[in-house]
Amino acid sequence: MKKTIGVMMTGFIVSSAMAADIKLPEPDKTNTTTLISALEQRHSDREFSDKAIDNQTLSTVLWAAFGVNRKDGKRTIPTALDKKDLNVYVFNKDGIWLYDANENLLKQQSSENHLDLFQLQDYMKPVSTVLVYTGSAEDYAAMHAGSAYQNVELYAAANNMASIVRGYYDREKVPEVLNLPTDQRVIISQAIGWKK
Ligand SMILES: Cc1cc2nc3c(=O)[nH]c(=O)nc-3n(C[C@H](O)[C@H](O)[C@H](O)COP(=O)(O)O)c2cc1C
């Protein structure tokens, strides 16, 4: 299949008729907010701007959630037996993407906008990026998701962004559109964006 290469925002997009993967920019690690200040400011936000987040910011958000932080491939969160039993999906207006932390890549899963599946509460209407955490093991994967969403909440607090963890989404259709392997289940979602 013929492939074309182009540039999208600050990341690279590798596209074909079937799918487009986005090579993300390197995460930005220059923020100097203290951990104590981020902990002081962490809170759930329910007032989002409709301004989309750029790929540079998304790369850093995903790195905070589940990125590689050491040369041996280990992550920003601990995982049971180092099995890394967690997947982070990004839902935005361009479709659904699976975060590949090793390659710092967004792998396209769908080109359809499914943000409506998270708009069961009115404040979600302007939200343009939703993270969905999936995993396999009943107990440990949920713990990993909790670690990842807390990292994102702290990142949001440190960067004047809005975020909220959300269990209220279409429980039937989200797993359906993700077309998950049989051993995977949806754990929780999280909206991330700019403050209104
Ligand atoms: C697992 C989980 C699920 C949640 N689901 C929702 C939700 O569906 N809708 C919502 O508005 N808030 C949701 N929240 C946010 C909580 O309501 C919020 O964390 C709580 O009110 C405390 O407020 P704070 O986060 O600002 O400290 C959820 C939080 C967690 C941890």
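Since this is a predicted model, take the numbers as computed values, not measurements. (Residues numbered from 1 in each chain as written. Predicted model: local features only at pLDDT ≥ 70, side-chain atom pairs only at ≥ 80, totals over all residues.)

1. Brief notes about the overall build of the protein chain
Moving on, step 1. In terms of regular secondary structure, the protein chain is built from 4 helices and 9 strands.
Moving on, step 2. Counted from the first residue to the last, the protein chain has its helices and strands arranged as β-β-β-α-α-β-β-β-β-α-β-α-β.
Moving on, step 3. Scaling as 2.2 N^0.38, a compact globule of 196 residues should have a C-alpha radius of gyration of about 16 Å, and the protein chain matches this with 16 Å.
Moving on, step 4. With respect to the three principal axes, the spread of C-alpha positions in the protein chain is 50 × 45 × 35 Å.
Moving on, step 5. When contacts within the protein chain are restricted to residue pairs at least 6 apart in sequence, long-range pairs at least 24 apart make up 69% of them. (Helix = DSSP H or I, 4+ residues; strand = E, 2+ residues; numbered from the N terminus. Rg over C-alpha atoms; globule rule 2.2 N^0.38 Å. Contact = placed C-beta atoms within 7 Å.)

2. Examining the packing of helix H2 (residues 55-66) against helix H3 (residues 140-158)
Moving on, step 1. The interhelical angle for the contact between H2 and H3, taken along N-to-C directions, is 140°, at an axis separation of 7 Å. Judged by the inter-axis angle, H2 sits oblique to H3. Of the two possible hands of crossing, H2 and H3 adopt the one that is right-handed. Every residue of H3 that contacts H2 at Thr 60, Val 61, Ala 64, Ala 65 and Phe 66 is listed here: Ala 148, Asn 151, Val 152 and Tyr 155.
Moving on, step 2. Split by residue class, the contact of H2 with H3 holds 7 nonpolar, 2 polar and no charged. (Axes fitted to C-alpha atoms, helices over the stretch in contact; angles between N-to-C directions. Parallel < 35°, antiparallel > 145°, perpendicular 65-115°, else oblique. Left-handed = near helix turned anticlockwise from the far one by under 90°. Nonpolar A, V, L, I, M, F, W, Y, C, P; charged D, E, K, R; others polar.)

3. Remarks on the nonpolar core
Moving on, step 1. Val 88, Leu 131, Ala 148 and Val 152 are the most contacted members of the largest nonpolar core, which totals 48 residues.
Moving on, step 2. Looking at which element gives the most residues to this core, the answer is H3, with 8 residues.
Moving on, step 3. Not counting residues within four places of it along the chain, the set of residues in contact with Val 88 comprises Leu 62, Ala 65, Phe 66, Tyr 99, Leu 131, Tyr 133 and Ala 148. (Core = buried A, V, L, I, M, F, W, Y, C linked by C-beta atoms within 7 Å. Buried ≥ 20, exposed ≤ 12 C-beta atoms within 10 Å, placed from the backbone.)

4. A few points about H3
Moving on, step 1. When the terminal C-alpha atoms of H3 are compared, their 27 Å separation across 19 residues agrees well with the 27 Å that a helix rising 1.5 Å per residue should span.
Moving on, step 2. Along H3, the residues classified as buried are Ala 141, His 144, Ala 145, Ala 148, Tyr 149, Val 152, Glu 153, Tyr 155, Ala 156 and Ala 157.
Moving on, step 3. Those residues of H3 that are buried lie in contact with helix H1 (35-41), H2, strand E4 (87-92), strand E7 (129-135), strand E8 (161-166) and strand E9 (185-194).
Moving on, step 4. At the exit of H3 stands Asn 160, carrying a positive phi of roughly 55°. (Expected span 1.5 Å × (residues − 1).)

5. Some words on the environment of Leu 58
Moving on, step 1. Within the secondary structure layout, Leu 58 lies in helix H2.
Moving on, step 2. On the basis of neighbour counts, which here come to 26 C-beta atoms within 10 Å, the residue Leu 58 falls in the buried class.
Moving on, step 3. Along the primary structure Leu 58 and Thr 129 are separated by 71 residues, whereas in three dimensions their C-alpha atoms are 9.1 Å apart.

6. Quick word on the site of the ligand
Moving on, step 1. Around the ligand lies a shell formed by His 43, Ser 44, Gln 121, Ile 164, Val 165, Arg 166, Gly 167, Tyr 168 and Ile 188.
Moving on, step 2. Looking at the shell around the ligand, its residues break down into 4 nonpolar, 4 polar and 1 charged. (Near = placed C-beta within 6 Å.)

7. Some points on the pairing of strand E3 (residues 20-23)
Moving on, step 1. Of the two faces of E3, the one lined by Ala 20 and Ile 22 is fully buried and the one lined by Asp 21 and Lys 23 carries no buried residue.
Moving on, step 2. For E3 and strand E6 (residues 105-110), the ladder comprises 2 bridges, and the chain directions are antiparallel. Looking across to E6, one finds that Lys 23 is bridged to Leu 105. (Pairing = 2+ DSSP bridges.)

8. Section: H2
Moving on, step 1. If you check H2, its first and last C-alpha atoms are 16 Å apart, about what 12 residues at 1.5 Å a residue would give, namely 16 Å.
Moving on, step 2. Within H2, 10 of the 12 residues are buried, which leaves the element mostly enclosed by the surrounding structure.
Moving on, step 3. Among all positions of H2, only Thr 57, Leu 58, Ser 59, Thr 60, Val 61, Leu 62, Trp 63, Ala 64, Ala 65 and Phe 66 are buried.
Moving on, step 4. In this structure, the buried residues of H2 make contact with E4, strand E5 (95-100), E7, H3 and E9.

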